[in-house]
Amino acid sequence: MKLYSTNNPLHQVTLKEALFNSMPQDKGLYMPAAVPRLNENFLTNLDNYTLPEIAFHVAQHLLGDDIPAEDLKDIIRDAINFYAPVVELEENVYVLELFHGPSLAFKDFGARFMSRLMGYFLEEGEKQLDVLVATSGDTGGAVALGFLGVPNTRVTILYPKGKVSGIQELQLTTNGQNVRAVEVDGTFDDCQALVKQAFTDPELNEKFRLTSANSINIARLIPQTFYYFNAYAQLLKMGKNKVAFSVPSGNFGNLGAGILAWKMGLPVCHFIAATNVNDTVPEFLRTGAYQPKPSVQTISNAMDVGNPSNWVRIQDMFKDSPEQLAKLVSGFSFTDEEDLEAIERLHSYYNYVACPHTAIAWQALKDWQQDQPTGRVAGVFLSTAHPCKFPDVLPAHVAGAVKIPEHVENLHSKTKQAVSLGKDFAGFKKYLLDNA
Ligand SMILES: *Cc1c(COP(=O)(O)O)cnc(C)c1O
């Protein structure tokens, strides 16, 4: 597999290089140089395959012969070891639950696949890979649990003290092994600044092989295409073949993966980009002007992004036909009040508890469907996280209806292990050097 930089298509690299560098020097993003169309026979018979089989088929076509088939199968079996069921809520309204992985968020798909790919490409005798991540909640858990036990890697997670939910904190701080947590007396931005400074510090780079494993890594995007194919397979089984996906979006990796699946031949009729008031993309789709802005804090905070990092990838996929983008994708944005109302309605109509990100995707789907002349398109909204991760945001009677998964209950019996640091870089650097 070859990948190019969106800033310079002539600059091509191998999968291994894109995997470990995350971002090209020219500050573009890596994209696959060839996006193969999957064969018709596979696409029309998707319902005959399981999620791991679909994942293997899709990955093999994208990655080419970079990884021998048996090794790729092992990586997928190990990384994608949980379900992504499509649940019917009413006629033509379905939810794709992406929260059955270890960190209870869809980011498990990307983080688990990426970590195993990194483990695979780390050759014997190579220097240990040191992954530094700043998190506002969801990313850290997925990355920590993704790398947990992966040989020759170590993860250091920085999170803002008192600003992540109880379950999120337990997921970050109870792992041990090759994962360590640093509680920073500051905000998420402070955590991010510490990580960024570490990457440019000559002494740290001399001593450690640092990587960010962040959400712009192409190895996080690729596995997210799997669940779109798998969701379509489940709809085929229910007799549906006209499908629209509504995607709760922040950095737009998730929607980007859906569009990549579409480029590979998945017959999706429409995509809906659902955001909170951080509506840079819906505004662009409405007006044609792309105007990034500072992010605004909301109750769906994993989507508080004013300048989505993956948007350039989506634009890149339409560079030959920008008008097609506006036809394929509609944008919707909602306030916190509308989000809370959607959570209430989902609960009262269907007895379904959705997290604040998921509820936005449902509302966007309903609004879009209302404008459609016929109701024949099956709408699937993506549920990106389990509601138990956001207990303080849900209205009390809805929060009371949340069923907490067993492996989360077990977290409560574990002890938090985290180092407390201030937001000054000198202190963080000293910690890294003293704990090499
Ligand atoms: C990260 C995240 C999102 C946003 O996904 P993007 O791929 O960045 O658009 C939405 N919901 C939840 C729960 C998340 O953790």
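Data block above holds the structure.
Here the structure is a predicted model, which means the values were calculated and not measured.

A. Spotlight on the site of the ligand. Not every one of the 15 residues close to the ligand is listed here, only the nearest: Lys107, Asp138, Gly250, Asn251 and Phe252. A distance of 3.2 Å separates an oxygen atom of the ligand from a polar backbone atom of Gly253. At 2.8 Å, a side-chain N or O of Thr384 approaches a nitrogen atom of the ligand. Starting from 380 Å² of accessible surface for the ligand in isolation, the protein chains cover 95%. Taken together, the residues of the shell around the ligand sort by class into six nonpolar, seven polar and two charged.

B. Summary view of the side chain of Thr174. With respect to the helices and strands, the residue Thr174 is situated in the loop between α7 (166-173) and β8 (179-184). A distance of 2.6 Å separates a polar atom in the side chain of Thr174 from the backbone oxygen of Leu170. Contact partners of Thr174, with chain neighbours within four places excluded, come to Leu411, Lys414, Thr415 and Lys416.

C. Region of the structure containing the pairing of strand β11 (residues 268-275). Counting buried positions along β11 yields seven of eight residues, so the element is predominantly enclosed. The pairing of strand β10 (residues 243-248) with β11 spans six bridges and is parallel. Paired with Val243 across the strands is Val268, a residue of β11. Crossover handedness for the path β10 to helix α11 (residues 253-263) to β11: right-handed. Of the pairings in the sheet, the one linking β11 to strand β12 (residues 329-333) comprises five bridges and is parallel in character. Its bridge partner lying in β12, Ile272 is registered against Ser330.

Each value, and the rule that gives it
- Residues numbered from 1 in each chain as written.
- Predicted model: local features only at pLDDT ≥ 70, side-chain atom pairs only at ≥ 80, totals over all residues.
- Heavy atoms only, no water.
- Near = heavy atom within 4 Å.
- Polar contact = N/O pair within 3.5 Å; in protein donor to acceptor, adjacent residues only side chain to side chain.
- Areas by Shrake-Rupley, 256 points an atom, 1.4 Å probe, with all protein chains shown as cover.
- Nonpolar A, V, L, I, M, F, W, Y, C, P; charged D, E, K, R; others polar.
- Helix = DSSP H or I, 4+ residues; strand = E, 2+ residues; numbered from the N terminus.
- Contact = heavy atoms within 4.5 Å.
- Buried < 20%, exposed > 50% of the residue type's maximum accessible area, 1.4 Å probe, protein only.
- Pairing = 2+ DSSP bridges.
- Right-handed = clockwise from strand over helix to strand, strands pointing away.

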